[in-house]
Amino acid sequence: MSKKYYVIWKGAKTGIFQSWQDVKNHTQGRADAQYMGFATKAEAEAAFQASYTKALSQRALSKNSGNKAAADNSAPKQAATGIAQADIAIYCDGACSPNPGKSGTGLAIYHQQQLIELWYGLYEPMGTNNTAELNGMLAAFKYAQAAIKQGKTVQILSDSKYSIDCITKWAKGWQAKGWTRGKGEEIKNLAVIQQCFSLYQALKNQIIISHVKGHANIEGNELADRMAVLARMKRTKALVQYTDTIDIKTILAMPSG
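What you see is a predicted model; the values in this text were computed from it and never measured. (Residues numbered from 1 in each chain as written. Predicted model: local features only at pLDDT ≥ 70, side-chain atom pairs only at ≥ 80, totals over all residues. Heavy atoms only, no water.)

A. View of the sheet that holds strand β6 (residues 114-127). Within the open sheet, the six strands sit side by side as β8-β7-β4-β5-β6-β9. Their pairing is mixed. One side of each edge strand has no neighbouring strand; the edge strands of this open sheet are β8 (207-211) and β9 (240-241). As paired strands, β6 and β9 are joined by two bridges and run antiparallel to one another. Residue pairing in the sheet places Tyr120 in a bridge with Val240 of β9. Set on the sheet, helix α7 (residues 219-234) makes contact with β4 (88-97), β5 (101-111) and β6; between it and β5 the angle comes to about 140°. (Pairing = 2+ DSSP bridges. Helix = DSSP H or I, 4+ residues; strand = E, 2+ residues; numbered from the N terminus. Contact = heavy atoms within 4.5 Å. Axes fitted to C-alpha atoms, helices over the stretch in contact; angles between N-to-C directions.)

B. View of the sheet that holds strand β3 (residues 34-38). Pairing is antiparallel across the open sheet formed by three strands, whose spatial order is β2-β1-β3. Of all strands in the sheet, those with a lone pairing partner are β2 (15-17) and β3, marking the two edges. Within the sheet, the average angular offset between the axes of one strand and its neighbour, ignoring direction, is 25°. On top of the sheet, helix α1 (residues 20-27) reaches β1 (5-10), β2 and β3; it is set at about 10° to β1, its chief contact. The sheet contacts of helix α2 (residues 41-49) involve β1, β2 and β3, and relative to β1 the element is tilted by about 10°.

C. View of α7. Compared with an ideal rise of 1.5 Å per residue, which puts 16 residues at 22 Å, α7 spans 22 Å between its outermost C-alpha atoms and is within 8% of the ideal. With respect to burial, α7 is a largely interior element, 14 of its 16 residues being buried. Where α7 terminates, the next one or two residues include Arg235, which has phi positive at roughly 55°. (Expected span 1.5 Å × (residues − 1). Buried < 20%, exposed > 50% of the residue type's maximum accessible area, 1.4 Å probe, protein only.)

D. Structural context of the confidence of the model for the protein chain. Taken over all residues, the pLDDT of the protein chain has a mean of 87, while the share at 70 or more is 86%. Of the regions scoring below 50 in pLDDT, residues 63-74 engages in five contacts with residues more than four places distant in sequence or in other chains. (pLDDT = per-residue confidence, 0-100.)

Pasting the structure below:
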């Protein structure tokens, strides 16, 4: 795996770091975190002296200059606040209509910032937005587990603060109370939360989980959303890979949740 340098502009500590674990330790759980990976120390030092916003802009310009066609200003952004640019970025999302009602889940997988796979499914005839989002987290953990075995760094991105908090903050306390909220109060969606938490406990030192704003024109999040709606509309129970041609513009024109 090639060596990387990570800049943290906002976090528990700021500066330039060479360890993915340092990035996780200093940014995990912070909605305002700003950080990014670079191939060389010189690039990282120059970026740290500037700003996160400028680094994002320069990276976008560099990518666009390599495209054969000029970029449309209305096109979704691939970057989002708090993305450290791991080897693998997994966007997960859920959709439900009505709520409760027919629900589905979608994933968009990036390798080295390039979209490589789309997945959809986990249809539930009487699901909720929360169950669909949790199903997405569980699917992302399973995908991450395989990628980590291949030596990849992994980041999971979700627009569901509920799902993230369930797994990274609340589940530990619930487990200590015998999987109740205290005084025997029932926890909703307990079965999938327990599955997620079990995998999270095994992987938490090797992944980073980030919250992204939903419907904010972030490409990965938007694509995962389209896959979640596709799963709901097609009533696809298994999680299956999207096998049609991956034309981002066409997919983004599909119904959204």
